[in-house]
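Coordinates in review
Spelled out, the chains give:
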Amino acid sequence: MDTLTDMQQAERKLEVVVLRPLTQTSRRWYVWTASLLVIVGIGIVAYINQLANGLAVTGMRDRVIWGLYITNFVFFIGISHAGTLISAILRTTHAEWRRPVTRMAELITVVALSIGGLMPVIDLGRPDRIPFLLQYGKISSPIVWDFISIATYLTASLMYLYLPLIPDFALAYDRLRGATSSIRLKLYGLLSLGWLDLPEQRRRLTRGINIMMILIIPIAISVHTVVSWIFSMTMRAGWNSTIFGPYFVVGAIFSGIAGIITVMYVFRRIYHLEDYITAKHFRYLSYLLLAFDLIYLYFTFAEYLTTGYKMEEGENFLLRELLVGQYSLFFWVFVVGGLLIPATIIILPWTRKIPLLVLGSILVNIGMWLKRFVIVVPSLALPLLPTEWGVYIPTWVEIAISAAAFAGFALIFTLATKLIPIISVWEMKEGWERGLTARAPEPARSAPTLAPLAADTGGADEP
Amino acid sequence: MNDDPQDLKQRVNRRQLLKLLGTVGVTPIAARLLPDLLPHLSDASPAQDKTESRRIRQWVLVFDLRKCEGCVTIGEAPQCIEACNAEHFVPKGQEWIKVFEMESPGGHSFFLPRPCMQCENPPCLNVCPVGATYMNEEGVVLVNHERCIGCRMCMAACPYAARVFNWEQPENPPGATFATYSPEYPVPHRQGTVEKCMLCAHRTMDGKLPACVEGCPMYAIYLGDLTEDIATNGKDVVKLSLFLASNSAYRLKEELGTRPRVFYIPGHGQESGHDIDEHRPVIPARSWQEQGVSLDDPQGGH
Ligand code: SF4
Ligand code: SF4
């Protein structure tokens, strides 16, 4: 062992750190998982109640026909863009610093898509008739478009998550022998598909990943586009927009990046990944976040100015309620808290610190949730005929189910960390091998960069 | 209607229609595909009466607002709503036809009954993911409640807020479980499915006027047929096109391109003695339970 090079030592250390959560489980983990299970359990009780008594137990009525469920749907589908799309873009552009974060990003996609895809099902009046979508699906309906593209995206992102996992499953199989149950070991063996790290295998894997990373980009874009089209294929004020497709895609990537930053921070703290996920990762991702923040701000401005200027009656009503009326609190919290404050945090060098960046990301997602709410609800509440504004107050059932959705998101994540290595070990190693010919990496520093997305500002790595 | 009631039943069956399409140059392939693309051409349609006539009715409604005074002058709830509620056992809390009090430019108001517009280009139909909303050959937009998955996309798409939803299991009249359900007469009602006015398809099929037309004490509602260019309110018979044109009829939100089949003749109830200076609000309509109707009643239809 004393002949190990620095590089080998670094690799060993990485393996140990990354594989540790698979075998060691703290008491805190159990407490955390149990509390999530409780919240999910309450949500399930609420849903059973809804199944038994009908959607009457929700706050939705004939005017405001969609509420929290559809808001959550758009939100989670948005978050799902974090992952795959971003990791695909970073891989395609050979951004070397991506290596420690792609796995998490891809995992976010799969989990968020599953939770998001469940939301419209929960919203259905007749969930027992889901098979009708396959049996009688009518291609002219935006709901069918959604069904198709979300199913495609889920399949593709599962593959995209799985492919880079193959060598890591093999690693887990090798390293965890004796440290874990034989069933689990067998599972790793099975999932690694006989990976021996042969050049031919590597070549094939790389090809598979390359194909997926290109494929995933149009699929991901199509998903959020058709989600927006559920709204913009109608003639309602606020929804009747031509830019909804790109507007939603940008919003999705925006909230997705914020999602990655938040998740990255949590994992870094809990599983002590400080050596691999460094201040640089937060900084680079927040530059991306800033870019999408500004694009989203621009889209929002363009959308509301072009409709607001003309003041067509419905749009006029709607805008008034958004800007100064009953929804103004939501709207301005979104604009100030979800767009302006996070942008400021990133722009100012002295606030560009990890905890503040994470805070900004959380604010972004709170803002984006509110934004989705003010997209869904006010346009429905708006009178189509001379009546009062529709009223929508979510009930405990909707709140419990929504809470369960968020808890379920965290829960699947928590469980997944016990099964799969949360950092792609082989890709890290590959990066080191490629990036450094002479000098072994000092793990205490950041991962090497070949093509950073943005220039390093030279600021301190750690706040 | 000056029509022989038997005549109203006349319509082509599917084979005849396809033959007709074939003769006007639609390729046989298209004719084969058509039943899939247009569910209303399929055999599932209960309209199977076969006659020699190839005429297909194209129903429209005309509301003569000069006569409609929201039933306020007679101190009743709108009788069209109540007739509709009784006819279809409309679930409590729903109104398939609503009467709105609209503001006129001069500051006064008039009454506007709003059923489903039976749009010729129905946004609700286009967005339905499972084809539960469809149009029959008479241009009536129907909902198949055995197919509807309750996504409410159609409600989001309808610009006239004509659709309502069974948020819970609606109360059905005793014996309704044994009633034969059809999209034309959707009783019993089902939880988690969408409901709306279907222009009393079950009644027009039998040569009867829709419940609202019959129920209106002011004879303000006309059922018309575009094919024969005729309309009646149960008392007078008019030539539809002339009636619409000479009275400056309009349609709601015409600019949306939905091509509604419901027309309005502007007015404020003046012909029914409504005093425009006297403001009386619309009285809430009674549900079928409150009216005490049952499935055996003649207005119960079946
Ligand atoms: S609620 Fe029913 S009728 Fe309406 S779009 Fe959905 S499935 Fe079709
Ligand atoms: S009025 Fe509404 S429900 Fe009726 S056909 Fe038109 S869009 Fe459909």
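First, a word on scope: everything that follows refers to the structure included in this document. (Residues numbered from 1 in each chain as written. Chains lettered and ligands numbered in written order. Predicted model: local features only at pLDDT ≥ 70, side-chain atom pairs only at ≥ 80, totals over all residues. Heavy atoms only, no water.)

**Quick notes on the overall build of chain B**
The number of helices and strands found in chain B is 10 helices and 11 strands. The buried share of chain B, reckoned over its 302 residues, is 60%. Residue pairs at least 24 apart in sequence account for 67% of intrachain contacts in chain B once pairs closer than 6 positions are excluded. (Helix = DSSP H or I, 4+ residues; strand = E, 2+ residues; numbered from the N terminus. Buried < 20%, exposed > 50% of the residue type's maximum accessible area, 1.4 Å probe, protein only. Contact = heavy atoms within 4.5 Å.)

**What about the overall build of chain A?**
Within chain A one finds 16 helices and 0 strands. Relative to a compact globule of 463 residues, whose C-alpha radius of gyration would be 23 Å, chain A shows 23 Å and is just as compact. Each principal axis of the C-alpha atoms in chain A carries an extent, and together these give about 85 × 50 × 40 Å. Evaluated residue by residue, chain A yields a buried proportion of 57% over its 463 residues. Relative to all contacts within chain A whose residues are 6 or more apart in sequence, the contacts with residues 24 or more apart total 83%. For chain A, the exposed surface amounts to about 19,600 Å²; the carbon and sulfur share of it is 69%. Positive and negative charge centroids in chain A, built from 38 and 31 side chains respectively, lie 4 Å apart. (Rg over C-alpha atoms; globule rule 2.2 N^0.38 Å. Areas by Shrake-Rupley, 256 points an atom, 1.4 Å probe, with all protein chains shown as cover. Lys, Arg positive; Asp, Glu negative; His and termini not counted. Charge placed at Lys NZ, Arg CZ, Asp CG, Glu CD.)

**Thoughts on the packing of helix α1 (residues 6-23) of chain A against helix α7 (residues 166-175) of chain A**
All names here are of chain A. At their nearest, the axes of α1 and α7 sit 11 Å apart, and the two run at 85° to each other. Judged by the inter-axis angle, α1 sits roughly perpendicular to α7. Mapping the contact onto sequence places R12, E15, L19 and L22 in α1 and L171, A172 and R175 in α7. Tallied by class, the residues present in the contact of α1 with α7 amount to 4 nonpolar, no polar and 3 charged. (Axes fitted to C-alpha atoms, helices over the stretch in contact; angles between N-to-C directions. Parallel < 35°, antiparallel > 145°, perpendicular 65-115°, else oblique. Nonpolar A, V, L, I, M, F, W, Y, C, P; charged D, E, K, R; others polar.)

**So, the site of ligand 2**
Contacts to ligand 2 come from 14 residues, most closely from C116, M117, C119, C124 and C158 of chain B. Grouping the amino acids of the shell around ligand 2 by side-chain chemistry returns 11 nonpolar, 1 polar and 2 charged. (Near = heavy atom within 4 Å.)

**Examining the pattern of salt bridges**
All names here are of chain A. A full pass over the atoms with the stated rule returns 30 salt bridges over all chains. Notably, a salt bridge pairs D197 with R202, separated by 2.7 Å at the nearest N-O pair. Under the relative-accessibility criterion, D197 is labelled partly exposed at 37%. Put simply, R12, E15, R175 and K429 are held in one network by salt bridges that share partners. (Salt bridge = Lys/Arg side-chain N within 4 Å of Asp/Glu carboxyl O.)

**Some words on helix α14 (residues 354-381) of chain A**
Along its 28 residues, α14 of chain A runs 40 Å from first to last C-alpha, staying within 8% of the 40 Å computed at 1.5 Å per residue. Burial within α14 of chain A is extensive, with 21 of its 28 residues counted as buried. (Expected span 1.5 Å × (residues − 1).)

**Quick word on the nonpolar core**
Counting 165 residues, the largest nonpolar core has W66, F231, I257, L273 and F409 of chain A as the members making the most contacts within it. If we skip the residues at most four places from it in the chain, I257 of chain A touches A82, I86, L285, L288, L289 and F292 of chain A. Grouped together as the second largest cluster of nonpolar side chains are 46 residues, Y160, L209, L252 and A285 of chain B included. (Core = buried A, V, L, I, M, F, W, Y, C linked by side-chain atoms within 4.5 Å.)

**Considering the interface of chain B and chain A**
Between chain B and chain A, the residue contacts involve 40 residues of the former and 34 residues of the latter. For the chain B and chain A pair, buried surface summed over both sides reaches about 3,100 Å², with 63% attributable to carbon and sulfur atoms. Between D123 of chain A and R152 of chain B there is a salt bridge whose closest N-O contact spans 2.8 Å. Within the residue set of the side of chain B that touches chain A, elements represented by two or more residues are β2 (98-103), α5 (123-127), α6 (153-157) and β6 (164-165) of chain B. (Buried area = accessible area lost by both parts, 1.4 Å probe.)

**Observations concerning helix α10 (residues 244-270) of chain A**
Residues and elements named next belong to chain A. For α10, with 27 residues, the first-to-last C-alpha span of 38 Å sits near the 39 Å given by 1.5 Å per residue. Burial within α10 is extensive, with 21 of its 27 residues counted as buried. Once α10 finishes, H272 follows within two positions and takes phi at roughly 55°, a positive value.

**Considering the pairing of strand β11 (residues 262-265) of chain B**
Residues and elements named next belong to chain B. Neither face of β11 is left uncovered, since the one carrying V262 and Y264 and the one carrying F263 and I265 both have all their residues buried. When strand β1 (residues 59-64) meets β11, the two strands line up parallel, connected through 4 bridges. When the sheet's bridge partners are listed, F63 is paired in β11 with Y264. (Pairing = 2+ DSSP bridges.)

**Some remarks on the state of the cysteines**
A complete count under the given rule lists 0 disulfides over all chains for this structure. The thiol sulfur of C197 of chain B is not disulfide-bonded, and the nearest other cysteine sulfur, from C116 of chain B, lies at 5.4 Å. (Disulfide = S-S within 2.5 Å.)

**Examining the site of ligand 1**
All residues adjacent to ligand 1 are C128, P129, V130, A132, T133, C148, I149, G150, C151, R152, C154 and V194 of chain B. A breakdown of the residues in the shell around ligand 1 according to their chemical character gives 9 nonpolar, 2 polar and 1 charged.

**Thoughts on the pairing of strand β3 (residues 109-114) of chain B**
All names here are of chain B. In terms of burial, β3 is largely enclosed, as 6 of its 6 residues are buried. Side chains of β3 alternate between two faces, with S109, F111 and P113 and F110, L112 and R114 buried alike. Here 6 bridges tie β2 to β3, and the two strands are oriented antiparallel to one another. Paired with F100 across the two strands is L112, which belongs to β3. Hairpin connection, β2 to β3: the antiparallel pair is bridged by 5 residues, and G107 has positive phi, about 105°.

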